[in-house]
Amino acid sequence: MEAVQSASSVAAKPLSSVEHQGWSPLRSPVHETHPLMQIEAQPRPRTKPPEARREELMNAAQALFLKKGVGATVIREITDSAKVAKGSFYLYFSSKEDIHIALAERFHALHVGNLDRATGQWPGTDWGGKLGAWVKAAATGFLDDGPLVSMFFDALPHIPDKRPNAIGKHLEELLGAGTEAGAWFVVDPGVTADFLLGGLRGVVGDALTGETSASRMQVVERLQQLFFRIVGLPEN
């Protein structure tokens, strides 16, 4: 009887009194707040820098150009591959031809860096060493990047001839500097550089297509002999 009266007395207490003891019908006895309210807000992803987005578009375009060809690739495929909106393409490039040229310029810049490092390893007075190192770095670089070489120099559409060729310019400067130093005599370094670079691309192209059975080392040695003969240095 006392137990009943005790329960009744609790039931009869005002709601405020019961809440004061730590219980409320409007509040869970386990969680003071909803679990979802306890999750901290996650930081919003940061927008990629323009340089990174441009590089992603170029990488996507290069992969598609190598797979399908420049002419068969459309801009929508490039943006879909790079996972960006089509309109974003025009923030960085004016056309498909524009990104094609940008890829060629990147290719040239990469190889010019390799040529700088290769020729820089030879003393300033060893012009034969510098020229031989230039030929080896250019030939092996083209052989390593065979598909890109074909895309930029052989496949259609070609890069416009009026665009500066950084690799040819690098060779022109080397030939001119050697002439000034008296190591050889080249009347027109620009024309000679174009001639030699064209010959190098042709020999490398034959090696890439299997039209020659020469090994990589033999290709490099033959090109070095050609370059040395043109500038008047001993071929050995």
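Look above for the structure.
Residues numbered from 1 in each chain as written. Predicted model: local features only at pLDDT ≥ 70, side-chain atom pairs only at ≥ 80, totals over all residues. Heavy atoms only, no water.

Q: Teacher, can you tell me more about the overall build of the protein here?
A: From N to C terminus, the protein includes 11 helices and zero strands. Reading the helices (α) and strands (β) of the protein from amino to carboxyl end gives α-α-α-α-α-α-α-α-α-α-α. Counting every position in the protein, which comprises 236 residues, the buried fraction comes to 34%. Taking all contacts inside the protein whose residues are at least 6 apart in sequence as the whole, residues at least 24 apart take part in 66%. Only carbon and sulfur atoms are counted for the fraction: they give 56% of the accessible area of the protein, which is about 14,900 Å². (Helix = DSSP H or I, 4+ residues; strand = E, 2+ residues; numbered from the N terminus. Buried < 20%, exposed > 50% of the residue type's maximum accessible area, 1.4 Å probe, protein only. Contact = heavy atoms within 4.5 Å. Areas by Shrake-Rupley, 256 points an atom, 1.4 Å probe, with all protein chains shown as cover.)

Q: I keep staring at the packing of aromatic side chains and nothing clicks. Help me out?
A: The description of two aromatic rings rests on the distance between their centres and on the angle between their planes. In this structure the tally under the stated criterion is eight aromatic pairs. Ring centres 5.9 Å apart and planes at 35° place the aromatic pair Phe107 and Phe142 in the tilted group. Of this pair, Phe107 sits in helix α6 (residues 96-120) while Phe142 sits in helix α7 (residues 127-144), and the two are 35 residues apart along the sequence. Plain terms: the ring middles of Phe107 and Phe153 are 6.2 Å apart, the flat faces sit at 70° to each other, and that makes the pair edge-to-face. Of this pair, Phe107 sits in helix α6 while Phe153 sits in helix α8 (residues 146-153), and the two are 46 residues apart along the sequence. The pair formed by Phe107 and Phe153 is uniform in burial state, with each residue classed as buried. (Phe/Tyr/Trp six-rings, centres within 6.5 Å; stacked < 30°, edge-to-face > 60°.)

Q: Please explain the nonpolar core as it appears in this structure.
A: Soluble globular proteins tend to bury their nonpolar side chains together. Leu131, Trp134, Phe142 and Phe227 are the most contacted members of the largest nonpolar core, which has 57 residues in total. Among the elements of the structure, α3 (50-68), α4 (75-82), α6, α7, α8, α9 (166-180), α10 (189-209) and α11 (216-231) are those that each provide at least two residues to this core. Among the elements that line this core, the one with the most residues is α7, at 10 residues. Every residue in contact with Trp134, bar those within four places of it in the chain, is listed here: Leu115, Thr119, Ile167, His170, Leu171, Leu174, Leu197, Leu200 and Phe227. (Core = buried A, V, L, I, M, F, W, Y, C linked by side-chain atoms within 4.5 Å.)

Q: Can you walk me through the environment of Asp116 in this structure?
A: Within the element layout of this structure, Asp116 appears in helix α6. When the C-alpha atoms of Asp116 and His170 are compared, they prove to be 8.6 Å apart, with 54 residues separating the residues in sequence.

Q: Looking at this structure, how should I read the side chain of Thr192?
A: With respect to the helices, strands and loops of the structure, Thr192 is situated in helix α10. Among residues more than four places away in sequence, those in contact with Thr192 are Leu175, Val186 and Ile230.

Q: Help me understand the packing of α7 against α9 in this model?
A: Two quantities define a packed helix pair, namely the angle between the helix axes and the distance between the axes. Orientation of α7 relative to α9, taken along the N-to-C sense of each, is 170°, at an axis distance of 11 Å. For the element pair α7 / α9, the angle class is roughly antiparallel. Judged by residue contacts, Trp127, Lys130, Leu131, Trp134 and Phe142 of α7 engage Ile167, His170, Leu171, Leu174, Leu175, Ala177 and Gly178 from α9. Taken together, the residues of the contact of α7 with α9 sort by class into nine nonpolar, two polar and one charged. (Axes fitted to C-alpha atoms, helices over the stretch in contact; angles between N-to-C directions. Parallel < 35°, antiparallel > 145°, perpendicular 65-115°, else oblique. Nonpolar A, V, L, I, M, F, W, Y, C, P; charged D, E, K, R; others polar.)

Q: Looking at this model, I keep getting lost on the pattern of salt bridges. Mind explaining?
A: Side-chain pairs of opposite charge can arise where the charged atoms are in close proximity. Following the criterion strictly, the structure yields seven salt bridges and no others. Salt bridges sharing common partners tie together Lys48, Arg53 and Glu56. (Salt bridge = Lys/Arg side-chain N within 4 Å of Asp/Glu carboxyl O.)

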